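Structure at a glance
Chain by chain, the residues run as shown.
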Amino acid sequence: MKLSIIIVNYKTYNLTKNAINSLLETIDSIDYEIIVVDNASCDGSLEELKNDFINNSLLTFIENNYNGGFAVANNLGIKESSGEYILLLNSDVIVKKNTIKNTLNYIESHDNIGALGCKVLLPNGNLDKACRRSFPTFEVSFYRMIGLSKLFPNSKRFNKYNLSYLDENGIYPVDCIVGAFMLLRRDILFKCNGLNESYFMYGEDIELCFNIKQLGYDVYYYGKSEIIHYKGASGKTKKTLYAFHKSMDIFYTRHYKNSNNFLINAITYLGIWGLYYIKLLSLYLHN
């Protein structure tokens, strides 16, 4: 089989259904399968999805009895997959025409590419800046945290995190792409042991890209094809806010803590968790 597409459903019946339909409507002449992993939704969404696609042999549904996080669920789907290439796809996306075909053709024709992401648009038509990023080193994160990246969006030094100085319609190597659409070579993904399950949600995509590059392969942004990402459709909660900042803590600790001095580490952790409590306070004030 050429392609396995993994989608994680967690209480997102309508979004997941729309994502699946967008795939079925746009994939042509590709030997593929879709594996939907339900992350213990307990809201009936899995049963509804099974009923909606009961006659479609291309779909497989996996019921996870507990919600161990996004990485855990994807790894369950990956273990059941058989495709030469694996696409990790968020449930809150709509795939546009020719996106699967074009991205698959590109990665197939470039043996050095281990992971490939496409252009990701928000519903308002703006670019989802997370779809092409640099790794969050201390310098890159510091410029972003103090606002220099916003003041100088086209600066190669100050806005290295979001790479806004690069053409959003271009094709080029980057440090990392977003987990909403990650096209991967199966053999390389297995060399990385799948997604790191230390991350509950957020951060596992950055970690995977880091591991792929450590193996000597490239991570590419392919801006000639696109998806629409209904980012944050489920809203911000204390749990998701904590998971986001915890993922930053995990990544920094794993890859940068030991190579930086005490002061830089202190500033980093203060920044991560200081921002968390500021955002948490803002969340409570708006509820």
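Report follows, based on the coordinates. (Residues numbered from 1 in each chain as written. Predicted model: local features only at pLDDT ≥ 70, side-chain atom pairs only at ≥ 80, totals over all residues. Heavy atoms only, no water.)

Here the focus is the overall build of the chain. The number of helices and strands found in the chain is 10 helices and nine strands. Against the globule reference of 19 Å for 287 residues, the chain gives a C-alpha radius of gyration of 19 Å, in line with a compact fold. Every one of the 287 residues in the chain was classed for burial, and the buried ones make up 52%. Intrachain contacts of the chain at a sequence separation of at least 6 include 81% that bridge at least 24 residues. When the accessible surface of the chain is summed, it comes to about 13900 Å², and 52% of that surface belongs to carbon and sulfur atoms. (Helix = DSSP H or I, 4+ residues; strand = E, 2+ residues; numbered from the N terminus. Rg over C-alpha atoms; globule rule 2.2 N^0.38 Å. Buried < 20%, exposed > 50% of the residue type's maximum accessible area, 1.4 Å probe, protein only. Contact = heavy atoms within 4.5 Å. Areas by Shrake-Rupley, 256 points an atom, 1.4 Å probe, with all protein chains shown as cover.)

The next thing to look at is a nonpolar patch on the surface. Taken together, the side chains of Phe 142, Met 145, Ile 146, Leu 263, Ile 267, Leu 275 and Ile 278 define a hydrophobic patch exposed on the protein surface, amounting to about 600 Å² of accessible area. Where the nonpolar patch is concerned, the elements lending two or more residues are helix H5 (138-145) and helix H10 (262-285). Among the elements that take part in the nonpolar patch, H10 stands out by supplying four residues, more than any other. Taking the relative accessible area as the measure of exposure, Leu 275 reaches 33% and is therefore partly exposed. (Patch = residues over 30% accessible without salt bridge, like charges linked within 9 Å, V, L, I, M, F, W, Y side chains within 5 Å. Salt bridge = Lys/Arg side-chain N within 4 Å of Asp/Glu carboxyl O.)

Counting 78 residues, the largest nonpolar core has Leu 3, Ile 5, Leu 23, Ile 34, Leu 89, Ile 100 and Leu 183 as the members making the most contacts within it. Among all residues touching Ile 34, those that are not within four sequence positions of it are Ile 5, Ile 7, Ile 20, Leu 23, Leu 24, Leu 58, Leu 59 and Thr 60. Formed by five residues, the second largest nonpolar core is a distinct cluster that contains Ile 272, Trp 273, Tyr 276 and Leu 280. (Core = buried A, V, L, I, M, F, W, Y, C linked by side-chain atoms within 4.5 Å.)

By the element assignment, His 229 lies in strand E9 (residues 218-229). One polar contact links His 229 to Asp 92, side chain to side chain, over a distance of 3.3 Å. Separated by 3.0 Å, the side chains of His 229 and Asp 128 make a polar contact. (Polar contact = N/O pair within 3.5 Å; in protein donor to acceptor, adjacent residues only side chain to side chain.)

A separate point is the environment of Thr 268. Along the chain, Thr 268 turns up in helix H10. With relative accessibility at 13%, the residue Thr 268 sits in the buried group. In the structure, Thr 268 is positioned 130 residues away from Phe 138 in sequence and 7.0 Å away in space, judged by C-alpha atoms. With sequence-adjacent residues up to four places away left out, Thr 268 is seen in contact with Phe 138 and Tyr 252.

With that settled, the discussion passes to the packing of aromatic side chains. In the structure shown here, the tally under the stated rule is 18 aromatic pairs. Here Phe 152 and Phe 158 contribute two aromatic rings whose centre-to-centre distance is 5.5 Å and whose plane-to-plane angle is 40°, an arrangement assigned as tilted. Take Phe 152: its relative accessible area is 40%, and that puts it in the partly exposed class. We classify Phe 158 as partly exposed; its relative accessible area is 22%. Their ring planes at 35° and their centres at 5.6 Å tell us that Tyr 242 and Trp 273 sit as a pair that is tilted. Pair noted here: Tyr 242 is in helix H9 (residues 238-255) and Trp 273 is in helix H10, with a separation of 31 residues, a long-range link. On the accessibility criterion, Tyr 242 (38% relative accessible area) is partly exposed. (Phe/Tyr/Trp six-rings, centres within 6.5 Å; stacked < 30°, edge-to-face > 60°.)

Our focus in this paragraph is a positive patch on the surface. Where like charges cluster on the molecular surface, the positive patch consists of Lys 129, Arg 144, Lys 150, Lys 236 and Lys 279. Of note, Arg 144 is situated in helix H5. Accessibility expressed as a relative area gives 41% for Arg 144, which makes it partly exposed. (Lys, Arg positive; Asp, Glu negative; His and termini not counted. Charge placed at Lys NZ, Arg CZ, Asp CG, Glu CD.)

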